[in-house]
Amino acid sequence: MINPIFGAATSPQPSSEEETDMSHKKIADWSVLAESELKSSPDSLIWQTPEGIAVKPLYTEADLEATGHLGSLPGLSPFTRGPRATMYAGRPWTIRQYAGFSTAEASNAFYRKALAGGQQGVSVAFDLATHRGYDSDHPRVEGDVGKAGVAIDSVEDMKILFDGIPLEKISVSMTMNGAVVPILASFIVAGEEQGVPRAQLSGTIQNDILKEFMVRNTYIYPPEPSMRIVADIIDYTAREMPKFNSISISGYHMQEAGATLVQELAFTLADGREYVRAAIAKGLSVDEFAGRLSFFFAIGMNFFMEAAKLRAARLLWTRIMEGFHPKKQSSLMLRTHCQTSGVSLQEQDPYNNIIRTAFEAMSAVLGGTQSLHTNSFDEAIALPTEFSSRIARNTQLILQHETGVTKVVDPLAGSYYVESLTAELADKAWALMEEVEALGGMTKAVADGLPKRLIEQAATRRQAAVDKGEEVIVGVNKYRLETEDDLDILDIDNAAVRTAQIRRIEETRRRRDSAEVQTALEALTQIASTGDGNILEAAVRAARARATLGEISDALRIVFGDHTAVPEVVSDIYGDACKDEPELAVLSARLSGFSQTNGRKPKIMVAKLGQDGHDRGAKIIASAFGDIGFDVLAGPLFQTPEEAADMAISAQVHVIGMSSLAAGHKTLAPQLIEALKAKGAADIIVVVGGVVPRQDYQFLLDHGVAAVFGPGTNVMEAGRAVLDLLVGKIRNQ
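Residues numbered from 1 in each chain as written. Predicted model: local features only at pLDDT ≥ 70, side-chain atom pairs only at ≥ 80, totals over all residues. Heavy atoms only, no water.

Draft legend 1. Spatial organisation of the sheet that holds strand 10 (residues 336-340). As summarised here, the arrangement of the nine strands in space is 7-6-5-4-3-11-10-9-8, forming an open sheet in which the pairing is parallel. Each end of this open sheet is capped by a strand with a single partner; those strands are strand 7 (244-245) and strand 8 (247-250). Helix 4 (residues 104-116) contacts strand 3 (94-99) and strand 4 (121-124) of the sheet and is inclined by roughly 150° relative to strand 4. Against the sheet, helix 7 (residues 180-194) engages strand 5 (172-174), strand 6 (203-205) and strand 7, with an angle of about 160° to strand 5. (Pairing = 2+ DSSP bridges. Helix = DSSP H or I, 4+ residues; strand = E, 2+ residues; numbered from the N terminus. Contact = heavy atoms within 4.5 Å. Axes fitted to C-alpha atoms, helices over the stretch in contact; angles between N-to-C directions.)

What follows is the structure, given as structure tokens:
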């Protein structure tokens, strides 16, 4: 045949049946070739992911056919390809960097520089004292003020935080859950006093309390009254703040705590369904608030899986929302902010983190995120510096302006691999969500402990895989440098920040009308008690009168009380995964010998001090040490050094392992050692593990800490070192 356009000879086109036969023959030929090549390779062609998904080395059209209908066009239900028809071709994602540290003045200066440098929205990190509803002058938060975020005690701090930032133009995201009521109230009043009515304020408040009970632990009140607060905020913002997102349903902290992508997807969407039910129970119609719901996912190093996760999330959320029968198409859409992983960042060879973050950012963009935070390379060590933050921000600017990814909508669509992953993630997540439904919904599942238990098991399994070298982390368990230079880090003077905050609190209290404050706080307590009225609305009146964050939180504590979690540690996960490791056998034998010689197992208390509720590392250590052969006592969250010392003495422990993540170690570890000395228990060994900069090691050793275990420490190596310390101490007594 002659092609009429080009005049070239062409062959007759095969029939569809012939095409299928040819395709099958090619796959068979490939299989023979792959099998031959595999004989010279020690690795299997099939990769089993932590989610239980068997990833094949080759995907074909047959796999795409098996996925069913995942949605053909962006902007149309079920939004698999994105919630907007043109996506980034019409408008790029928002660059929204999460930041906050020390005082409101310092954070404000940082935000203004970032906005001038290309950032497009503000995302506020609060310190742990603020998260837990304590003013900076409270004795329980001495080591926490200004350390992991900015300290906010009243409207006065909030006004300084946004000074010179036009709130009618700049959207503000606030990661706040426990003290969500006083923080949002203070933001509303700060806007008013800047001349911006609340109806013009745009942004997002996280307000996602269920995940706090699962993983992050910056809660204040028990689950049921906390859910009432969530509903009241959705109600108030639906009526008064039409441009403001009332909730950001977060899976980020689940993945950071060790959840698999299936768990992150399932539990996040199940949380979302629970919040929708709570708002409807408040009397709202689904279309009144659904358009202002948003989500927040972590993006880790499994590049294609993470992109598929965002696509699956939109597919499943549409399925969930269809069950509430909305009239608006927009009520079916899932919109999400994403942040690159903190857990994937490593202390060792930290410049590798720049590369990790860039890949994760690309994955989030290919998955269709609406806004993005890119982590700074030094965040495995300390708060980011201005230098590292600029690199993180420029990572997104380069993606937007230099790579061409904004030119095409959903460029991964139609990929045999990505479409298959999307379908499989959706199926597995839906099955887990059905398990949650069988328990009565997410609130009851959280009370039952199912999500927390599954996530902690997954985290411990991954730690075992890293320790065994099955999961390679470059610069940590493979290709590690012999020596590393110290980095310049941001070091917050916690004592100076706290002194400045206390001075401002005292000035605020001196200038306010005390009777007006008392009346407003009593009204808030009354609404909490009776249920007659809106909690946020009452808190706005109290904030306007200059009630502090702690006072507003305490007005609710009177009625709701404090939530206290019972620490539970999973077992037989790490030990089972490492049962064939010779090092484990040697260590277990040494521990058995210690027990025979001394009449009992070596006993270690794993302690979390201050208001840091991030307990992934502490739980992994407690679980793994128990499997190895230590007698482990898991201390409760939020202990003071004095309380931890009392518990350790009462339990007759040999060692206290203090877990640090939020940079309070230089205050809390010396206080713990002094408390032990004062109680006549100086013989108890204190070690510190977690996010501790190398520059701080000598300070801790000089103040009596016996050893420091930084990020990336192999658990069995840590166990051996702790046992060596204990044996050496006994020999020298």
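Draft legend 2. Looking closely at the side chain of Arg96. For Arg96, the position within the fold is in strand 3. The charged side chain of Arg96 is buried without a salt bridge, its nearest counter-charge being Glu168 at 14 Å. If we ignore the near neighbours within four places in the chain, the residues touching Arg96 are Gly121, Val122, Ser123, Ser171, Val172, Ser173, His337, Ser371, Leu372 and His373. (Buried < 20%, exposed > 50% of the residue type's maximum accessible area, 1.4 Å probe, protein only. Lys, Arg positive; Asp, Glu negative; His and termini not counted. Salt bridge = Lys/Arg side-chain N within 4 Å of Asp/Glu carboxyl O.)

Draft legend 3. Quick look at the packing of helix 7 against helix 22 (residues 549-560). One can describe the packing of helix 7 onto helix 22 by two numbers: an axis separation of 8 Å at closest approach and a directional angle of 135°. Our classification of the angle between helix 7 and helix 22 gives oblique. In this structure, helix 7 crosses over helix 22, and the sense of that crossing is right-handed. The segment helix 7 lies against helix 22, with Val181, Pro182 and Ile183 engaging Leu549, Ile552, Ser553 and Leu556. A breakdown of the residues in the contact of helix 7 with helix 22 according to their chemical character gives six nonpolar, one polar and no charged. (Parallel < 35°, antiparallel > 145°, perpendicular 65-115°, else oblique. Left-handed = near helix turned anticlockwise from the far one by under 90°. Nonpolar A, V, L, I, M, F, W, Y, C, P; charged D, E, K, R; others polar.)

Draft legend 4. Inspection of the environment of Ala270 at higher detail. The residue Ala270 is located in helix 11 (residues 261-281) in this model. Residues Ala270 and Asp615, 345 residues apart in the sequence, show an inter-C-alpha distance of 23 Å. Apart from residues no more than four positions distant in its own chain, Ala270 is found in contact with Met433, Val436 and Met442.

Draft legend 5. A look at helix 18 (residues 450-468). Between its first and last C-alpha, helix 18 extends 27 Å over 19 residues, near the 27 Å set by a 1.5 Å rise per residue. Within helix 18, 14 of the 19 residues are buried, which leaves the element mostly enclosed by the surrounding structure. In the segment just after helix 18, Gly469 is the residue with positive phi, at about 85°. (Expected span 1.5 Å × (residues − 1).)

Draft legend 6. Region of interest: the environment of Thr374. Relative to the helices and strands, Thr374 is located in the loop between strand 11 (371-373) and helix 15 (386-402). The class of Thr374 is buried, set by a relative accessible area of 0%. Discounting residues that sit within four places of it in the chain, Thr374 has contacts with Gln97, Thr340, Thr357, Ala361, Ala392, Arg393, Thr395 and Gln396. Polar contacts involving the side chain of Thr374 include one to the main-chain carbonyl oxygen of Ala392, which spans 2.6 Å. Polar side-chain contacts of Thr374 include one of 3.2 Å to the side chain of Gln396. (Polar contact = N/O pair within 3.5 Å; in protein donor to acceptor, adjacent residues only side chain to side chain.)

Draft legend 7. Region of the structure containing the sheet that holds strand 15 (residues 685-690). Judged by pairing direction, the sheet is parallel, and its five strands sit side by side in the order 13-12-14-15-16 without closing on themselves. This sheet does not close on itself; its edge strands, each paired only once, are strand 13 (631-634) and strand 16 (707-709). Averaged over all neighbouring strand pairs, the angle between strand axes comes to 25°, with direction disregarded. Sheet topology note: the strand 14 (residues 655-660)/strand 15 ladder contains six bridges and is parallel. Directly across from Ser659, in strand 15, lies its bridge partner Gly689.

Draft legend 8. View of the pattern of salt bridges. Within this structure, the stated rule accounts for 45 salt bridges. The partner of Lys468 in a salt bridge is Glu470, and the shortest N-O contact between them spans 3.0 Å. Put simply, Glu583 and Arg720 hold a salt bridge, and the shortest N to O gap is 2.7 Å. You can see Glu583 sitting in helix 24 (residues 582-598) and its partner Arg720 sitting in helix 29 (residues 715-732), a full 137 residues away along the chain. Each of Glu192, Arg198, Asp235, Arg239, Glu240 and Arg544 takes part in a single network of salt bridges with overlapping partners.

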